[in-house]
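Examining the three-dimensional arrangement
These are the residues of each chain, in order.
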Amino acid sequence: MKDIILNDLKQYGQEHLFTFWDSLSDAEQRELLDQIQSIDFALIARLYEHRNTPAESLTLADRASDPPAYKFSTVTDQTPCKPRKPVSVEEAVSAGNDVLRRGKVGVILVAGGQGTRLGFPHPKGMYPIAPVSEATLFQFHFEKVLAASQRYGYHIPYCIMTSSATHHETVDFLEQKNYFGLRKEDVFIFCQGTMPAVSLETGKVLLDSKGGIALSPDGHGGMLAAIARKNENGISVLDCLRQRGIEYLFYNQVDNPLVRICSPEFLGYHLLSGSESTSQVIRKRFPTDKVGNIVEVDGRLYVIEYSDLPEEVARKTNSDGSLKIWAGSIAVHLFNASLLDRTSKIATSLPFHIARKKVPFVDLATGERIKPDKENAIKFERFIFDLLPSADNAVVVEVDPPNHYAPLKNASGSPSDSPETVKRDLAAMYADWLRKADAVVVAETPVEISPLFADSPETVRQKIEKGTVFNTPTYLKSSTQ
Ligand code: UTP
């Protein structure tokens, strides 16, 4: 077996992966063979060869204009958007509620990232982020799905993508927490694929140990292949969703506890504009804001990363002075299940992106593990937003960060997207909901509302008596919690 594989590897100049073969135990040898067999070396060779080919988005920037867009009802900024066709808030909410009542919506959470910037030694979903209760990111998300299931009267299927970096701990944690009240059979945990890191200089796959390849998750875009991958019984997550009659999938990332999962208004814009893919965006604060730019080119939507958007294009303005390229993606999407099904069958639906990184590796001459101090490797990742150009009639919905977006990215003490800023933003949003319900929240008093108590200002109003005063840290939860 080993000799056949070795011959194969020679074709691609990757035979060094067997350098330490004789020093490995039987189990380690089996593990190494498994890893090698999981890699598409022809693909790696192609990707390395094209490592300097400019991203397609660079050629798009000159032709880019603003995408068709709707404004979510909580947005106060008045800059006009151009909708694909006019849809009122009431029409959107009503259409969204209708498909939810008919049980047509499922939810996907991607939680396979390594969370390197945060530096938390567990999957990011296990981070205790709530300002009062210290509930984890997972708890927020699961309770939102449970709240929506209760409101709309069906068991919303909840698909959780993990990676080799997060899978086992996530599975154990969720089981131990009893899926925060969801039924186990409604939670579909599936693991994304991996890609090897290669040497920047030679394209050779790096060893992380003498018997192990330097592998990492293949990016959140790995969701597309992973959700369509058949298990040992020949059934994929997409098949399970289809069997349940799911037609729409709400997609979000684990790091943003403000996300409004299954918002009927968001769903409604998607449905009534005939879109196959709808994305939430925030208005860029300045031309070079570090967000992915959603733009329209020749009737299709694309994301141009901030690093790929030439400054002269970023600075273009409309006659009212507003930015032409204004829509920053916050990685919340709605996909038609049929779009995921169709594109998952096409291997090239999502391109691989190349990232130059510092990746520890085993020195082949000495067997020593080296931690490089400068970029030495290329990692290959797919991004889910590259699905947008494949979608018919794609649109965006502008949302406001205070009500929708506070991602946990950076370590404690960082000026933005840190545990402190996310807790602050959560507490500020809940205080705002309570004040809208005519309660009094004394300044600086942290307040928190479980999604099972209320998941919008409207539901808070139904449950809080006018004039209630909050002057000590308070966690409002449902009576069954
Ligand atoms: P980020 O790109 O912010 O990465 O992921 P990260 O892992 O959270 O953090 P850093 O960059 O290492 O510091 C955005 C979302 O995509 C998911 C993450 O779990 C997060 O929800 N993701 C990312 C995956 O599910 N798989 C991946 O391979 C990468």
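Each remark here, short or long, concerns the structure printed above.
Residues numbered from 1 in each chain as written. Predicted model: local features only at pLDDT ≥ 70, side-chain atom pairs only at ≥ 80, totals over all residues. Heavy atoms only, no water.

A tally of regular secondary structure across the protein gives 15 helices and 23 strands. Compactness check: the protein gives a C-alpha radius of gyration of 24 Å against a globular reference of 23 Å for 481 residues, within 12% of the reference. Dimensions of the protein along its principal axes, counting C-alpha atoms only, are 75 × 55 × 45 Å. Counting only residues that meet the buried cut, the protein has 54% of its 481 residues in that class. Counting only contacts in the protein whose residues sit at least 6 apart along the sequence, the fraction spanning at least 24 positions is 75%. One way to put it: in the protein the 54 positive side-chain charges average out to a point 2 Å from where the 61 negative ones average out. (Helix = DSSP H or I, 4+ residues; strand = E, 2+ residues; numbered from the N terminus. Rg over C-alpha atoms; globule rule 2.2 N^0.38 Å. Buried < 20%, exposed > 50% of the residue type's maximum accessible area, 1.4 Å probe, protein only. Contact = heavy atoms within 4.5 Å. Lys, Arg positive; Asp, Glu negative; His and termini not counted. Charge placed at Lys NZ, Arg CZ, Asp CG, Glu CD.)

Let's shift gears to helix α6 (residues 137-152). The end-to-end C-alpha distance of α6, which contains 16 residues, comes to 23 Å, matching closely the 22 Å that a straight helix rising 1.5 Å per residue would cover. By the criterion of burial, α6 is predominantly enclosed, with 14 of the 16 residues buried. (Expected span 1.5 Å × (residues − 1).)

Attention now goes to the nonpolar core. If you look at the biggest cluster of nonpolar residues, it comprises 46 residues, and the most contacted ones within it are Phe-138, Phe-142 and Tyr-158. Looking at this core element by element, the count peaks at seven residues for α6. If near-sequence neighbours (up to four positions away) are discounted, Phe-142 is found in contact with Tyr-158, Ile-160, Leu-174, Tyr-179, Phe-180, Leu-182 and Val-187. (Core = buried A, V, L, I, M, F, W, Y, C linked by side-chain atoms within 4.5 Å.)

In the neighbourhood of the ligand, 18 residues make up the surrounding shell, with Gly-112, Thr-116, Arg-117, Gln-192 and Lys-409 lying closest. Within the contact set of the ligand, an oxygen atom lies 2.9 Å away from a backbone nitrogen or oxygen of Gly-113. Within the side chain of Lys-124, a nitrogen or oxygen atom sits 2.9 Å from an oxygen atom of the ligand. Computed on the free molecule, the ligand has an accessible area of 570 Å², of which 85% lies beneath the protein chains in the complex. (Near = heavy atom within 4 Å. Polar contact = N/O pair within 3.5 Å; in protein donor to acceptor, adjacent residues only side chain to side chain. Areas by Shrake-Rupley, 256 points an atom, 1.4 Å probe, with all protein chains shown as cover.)

Strand pairing in a sheet relies on backbone hydrogen bonds. The paired strands run either parallel or antiparallel. As summarised here, the arrangement of the three strands in space is β6-β18-β15, forming an open sheet in which the pairing is antiparallel. Strands with a single pairing partner mark the edges of an open sheet, and in this sheet they are β6 (198-199) and β15 (353-357). As defined by bridge partners, β6 adjoins strand β18 (residues 377-381) across two bridges and the pair is classed as antiparallel. Paired with Val-198 across the bridge in β18 is Ile-378. Against the sheet, helix α3 (residues 41-49) contacts β6, β15 and β18, and its axis sits at roughly 110 degrees relative to β18. (Pairing = 2+ DSSP bridges. Axes fitted to C-alpha atoms, helices over the stretch in contact; angles between N-to-C directions.)

To continue, consider the packing of helix α1 (residues 2-11) against helix α2 (residues 26-37). Between α1 and α2, the least distance of the axes is 11 Å, while the angle of their chain directions is 40 degrees. The orientation of α1 with respect to α2, classified from their angle, is oblique. Once α1 is placed against α2, the crossing between them reads as left-handed. In contact with Lys-2, Ile-5 and Leu-9 of α1, α2 contributes Leu-33, Ile-36 and Gln-37. Classifying every residue of the contact of α1 with α2 by side-chain character gives four nonpolar, one polar and one charged. (Parallel < 35°, antiparallel > 145°, perpendicular 65-115°, else oblique. Left-handed = near helix turned anticlockwise from the far one by under 90°. Nonpolar A, V, L, I, M, F, W, Y, C, P; charged D, E, K, R; others polar.)

Below, the discussion takes up the packing of aromatic side chains. Enumeration over the complete set of coordinates arrives at 13 aromatic pairs. A centroid spacing of 4.9 Å and a plane angle of 70 degrees characterise the contact between Phe-120 and Tyr-127, whose relative ring orientation is edge-to-face. Overall, the relative accessible area of 15% leaves Tyr-127 in the buried class. Through a chain of ring-to-ring contacts, three or more aromatic side chains come together here, namely Phe-138, Phe-142, Tyr-158, Phe-173 and Phe-180. Cation over ring: Arg-51 sits above Tyr-48, and NZ or CZ is 3.9 Å from the ring centre. (Phe/Tyr/Trp six-rings, centres within 6.5 Å; stacked < 30°, edge-to-face > 60°. Lys NZ or Arg CZ within 6 Å of the ring centre and 35° of its normal.)

Here we take up the side chain of Asp-186. Inspection of the secondary structure puts Asp-186 in the loop between α7 (167-176) and β4 (187-191). With sequence-adjacent residues up to four places away left out, Asp-186 is seen in contact with His-155, Ile-156, Pro-157, Tyr-158 and Arg-244.

A word on the environment of Gly-153. Along the chain, the position of Gly-153 falls in the loop between α6 and β3 (158-162). Here Gly-153 falls in the exposed class, since its relative accessible area comes to 64%. A sequence separation of 50 residues divides Gly-153 from Gly-103, and the C-alpha atoms of the two residues are 7.9 Å apart.

Before going further, it helps to examine the pattern of salt bridges. For the structure on display, the rule yields 28 salt bridges. Close ionic contact of Glu-296 with Lys-82 constitutes a salt bridge, the shortest N to O distance being 3.5 Å. With Glu-296 in strand β12 (residues 293-297) and Lys-82 in the loop between β1 (69-71) and α5 (89-101), this residue pair connects regions lying 214 residues apart in the sequence. Classification of Glu-296 as buried rests on a relative accessible area of 16%. (Salt bridge = Lys/Arg side-chain N within 4 Å of Asp/Glu carboxyl O.)

Moving on: the pairing of β4. Pairing of β3 with β4, which is carried by five bridges, proceeds in the parallel orientation. Its bridge partner lying in β4, Ile-160 is registered against Ile-189. Following the backbone out of β3, through α7 and into the adjacent parallel β4, one traces a crossover that is right-handed. (Right-handed = clockwise from strand over helix to strand, strands pointing away.)

A few words now on the packing of α5 against helix α10 (residues 264-272). Running from N to C, α5 and α10 cross one another at 95 degrees; their axes reach a closest spacing of 6 Å. By the angle between their directions, the pair α5 and α10 is classed as roughly perpendicular. Counted together, Val-89, Glu-91, Ala-92, Val-93, Ala-95, Gly-96, Asn-97, Val-99 and Leu-100 of α5 and Pro-264, Glu-265, Leu-267, Gly-268, Tyr-269, Leu-271 and Leu-272 of α10 form the full contact between these two elements. Tallied by class, residues from the contact of α5 with α10 come to 11 nonpolar, three polar and two charged.

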